[in-house]
Amino acid sequence: MDHYDVIIIGTGAGGGTLAHRLAPSGKRILLLERGDYVPREKENWDTKAVVLEGRYGAKEEWRDKDGKKFHPHTNYYVGGNTKFYGAALFRLRERDFGELRHHGGISPAWPISYADLEPYYSEAERLYQVHGERGCDPTEPPAAAAYAYPPVSHEPRIQQLADDLRRVGLRPFHVPLGVMLDERNPRTSRCIRCNTCDGHPCLIYAKSDAQVVCVDPALAYPNVTLLTNAYVARLDTGPSGRAVTSVQVRRDGATETYSANIVVVSCGAINSAALLLRSANDGHPQGLANGSGVVGRHYMSHINSVYLALSKCANPTRFQKTLAVNDFYFGSKEWPYPMGHISFVGKTDGHVLAAGAPALVPGMTLELMAQHSLDFWLTSEDLPHPDNRVTMDRDGTIRLSYTPNNHEGHERLVAKLKEVLDPIGCEKHLIPFFSRQIFLGQGIPLAGVAHQNGTIRFGNDPETSALDRNCKAHELDNLYVVDGSFFPSSGAVNPALTIMANALRVGNHILERLQ
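Residues numbered from 1 in each chain as written. Predicted model: local features only at pLDDT ≥ 70, side-chain atom pairs only at ≥ 80, totals over all residues. Heavy atoms only, no water.

In terms of helices and strands, the protein carries 11 helices and 21 strands. For 515 residues, the compact-globule estimate of 2.2 N^0.38 gives 24 Å, and the C-alpha radius of gyration of the protein, at 22 Å, lies within 12% of that figure. Overall size of the protein, expressed as C-alpha extent along the three principal axes, is 70 × 50 × 45 Å. Pairs at least 24 residues apart make up 73% of the contacts formed inside the protein by residues separated by at least 6 positions. Carbon together with sulfur atoms contributes 50% to the accessible area of the protein, which is approximately 19500 Å² in total. Here the protein contributes 53 positively and 56 negatively charged side chains, and the mean placements of these two sets differ by 1 Å. (Helix = DSSP H or I, 4+ residues; strand = E, 2+ residues; numbered from the N terminus. Rg over C-alpha atoms; globule rule 2.2 N^0.38 Å. Contact = heavy atoms within 4.5 Å. Areas by Shrake-Rupley, 256 points an atom, 1.4 Å probe, with all protein chains shown as cover. Lys, Arg positive; Asp, Glu negative; His and termini not counted. Charge placed at Lys NZ, Arg CZ, Asp CG, Glu CD.)

Now the structure itself:
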């Protein structure tokens, strides 16, 4: 059995970033990735192949709470889901770390404060080459350092939209983006500002994903090894039950066994919970790290909706995801509860619209709608509930049980967007596209697991959490979790940067242990 100092299971925002932090230590590190590298091919930029045909999507099936099968919208590759994300890298707000009252209930406090994570946010922003601008987001938390890279500029229609939003009293700002763009030197810029960034892999490696930014540089160190197509079936513990003693891997039709002083799980909140649950043994009958019974519970994925606004003038924007609005993040004068975040998805085309099948406006084809659409992404916080959970069926299939909650804030956020449609030069109605409310019961919202978090929460009390404040399992001395599983609450912005920053924080802790 090959032995390592550290085994990291998963190479996405958590595992990939952790590998980058640990690589210079000289310690023997093994990365296990169930997928392979995304093939570099023309289809990387083909919306029909990516969106309609699901060329790079996971092929497995999961079940919902009623036992109905569905295909999860997730990706198993080196770099994890960061290969396909829109590279919007937001910090959680400072108030998100404390107890926060919503209309639908309480968002619980974290065992660490924003100040504890702030230095690592700054470090993650530098590592992932985040382009942004301080002082424009009205809910922006304090930062010790400026962004190292300037914000990505708005194209003309989006700049016009920003001006119109300011005119009606809102405070739009530039989305912090992890792209390798040099607008001052476009000829030599790695990023070409294409229209297939959000939801697509980058053919020219110009998106700051975990493979490009972290895993590949880590592999330049001779002490770091990556095994691809390596599915971790279970973790075994020794007689004491206090440590993971072996990692069982299925690769190329055979079972391989590895061990390490420290084992780190970072498979995504759903698959990490599944791994701990299917690793149950006599000493851990409910699954590893699950004496509290919380593993798999409190699953969150945000209340997300995509709405199309039809611009009265054409919207020829290629790279649309540069503008955001947080004026209603914590509420409004009329509504004292949080509503959420407004930004954009990548620019739609006829193929994307066909996938969502929105209702046609009379006299408009899908392609004409795409030419005039402003494609808004709205995110609100869903609250942790113990019955929103990951379990394992007897045949080994993942079951994801989820009932959305905290609706009212999201509905009010949609209403706020509708209020400004006419002043921003749009028709006076929104077309629902992928909406958690509209499509509930048809599998689309459940399958959309890009923002998954919360299933192996950290906390100070072993009775109500699975991990301690350093993301080590309370019940095992050498098991850590560094993906979005550790979140006790989700806020209302993309979780990727928080996962990356926390991986750097936990990485420092692990380095101290390895000395």
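There's more to say after this.
Now for helix α1 (residues 15–22). With seven of its eight residues buried, α1 lies for the most part within the structure. Along α1, the residues classified as buried are G15, G16, T17, L18, A19, R21 and L22. Where α1 is buried, its residues contact β1 (2–9), β2 (29–32), α3 (114–127), α5 (210–218), β13 (254–265) and α11 (496–514). (Buried < 20%, exposed > 50% of the residue type's maximum accessible area, 1.4 Å probe, protein only.)

Right, let's talk about the environment of L497 for a bit. Its location among the elements puts L497 in helix α11. Sequence separation of L497 and N304 is 193 residues, and the distance between their C-alpha atoms is 18 Å. In contact with L497, other than residues within four places in its own chain, are L89, F90, R91, Y121, A124 and E125.

Turning to the confidence of the model for the protein, a few remarks are in order. Residues of the protein with pLDDT of at least 70 account for 95%, and the chain-wide mean is 94. This stretch, residues 435–444, has a pLDDT under 50; its non-local contacts, to residues over four places away or in other chains, come to 26 contacts. (pLDDT = per-residue confidence, 0-100.)

Moving on, we get to the nonpolar core. If you look at the biggest cluster of nonpolar residues, it comprises 118 residues, and the most contacted ones within it are I9, L32, Y128 and L235. Judged by nonpolar contacts, the second largest core, of 25 residues, contains Y307, L323, F376 and I424. (Core = buried A, V, L, I, M, F, W, Y, C linked by side-chain atoms within 4.5 Å.)

Here we come to the pattern of salt bridges. Applying the stated criterion across every chain yields a total of 30 salt bridges. The residue R193 makes a salt bridge to E155 at a minimum N-O spacing of 3.2 Å. Pair noted here: R193 is in the loop between β9 (177–178) and α5 and E155 is in the loop between β7 (130–131) and α4 (156–167), with a separation of 38 residues, a long-range link. Residues R412 and E408 are paired through a salt bridge, measuring 3.0 Å at the closest nitrogen-oxygen approach. (Salt bridge = Lys/Arg side-chain N within 4 Å of Asp/Glu carboxyl O.)

For the rest of this paragraph, the subject is the sheet that holds strand β4 (residues 69–70). Taken together, the four strands give an open sheet; going across it, the order is β4-β3-β19-β18, and neighbouring strands pair in mixed fashion. This sheet does not close on itself; its edge strands, each paired only once, are β4 and β18 (389–392). Here β18 runs beside strand β19 (residues 398–401); their pairing, made up of four bridges, is antiparallel. Bridge assignment links M392 to a residue of β19, and that residue is I398. Against the sheet, helix α6 (residues 269–278) makes contact with β3 (62–64), β18 and β19, and its axis sits at roughly 40° relative to β18, the strand it touches most. (Pairing = 2+ DSSP bridges. Axes fitted to C-alpha atoms, helices over the stretch in contact; angles between N-to-C directions.)

Turning to the environment of V295, a few remarks are in order. Positionally, V295 belongs in the loop between α6 and β14 (303–311). Taking the relative accessible area as the measure of exposure, V295 reaches 2% and is therefore buried.

Using the criterion set out here, one finds 18 aromatic pairs in the structure. Look at F97 and Y114: their rings are 5.8 Å apart centre to centre, the planes differ by 70°, and that puts the pair in the edge-to-face class. Taken together, the residues F97 in the loop between β4 and β5 (100–102) and Y114 in helix α3 connect sequence positions 17 residues apart. Take F97 and Y114: they sit in the same class, and that class is buried. Members of the aromatic cluster, each reached through a chain of ring pairs, are F97, W110, Y114, Y121, F458, F486 and F487. If you follow R40 out to its NZ or CZ, it ends over the ring of Y205, 4.3 Å from the centre. One cation-aromatic arrangement involves R95 over F330; the distance from NZ or CZ to the ring centre is 4.1 Å. (Phe/Tyr/Trp six-rings, centres within 6.5 Å; stacked < 30°, edge-to-face > 60°. Lys NZ or Arg CZ within 6 Å of the ring centre and 35° of its normal.)

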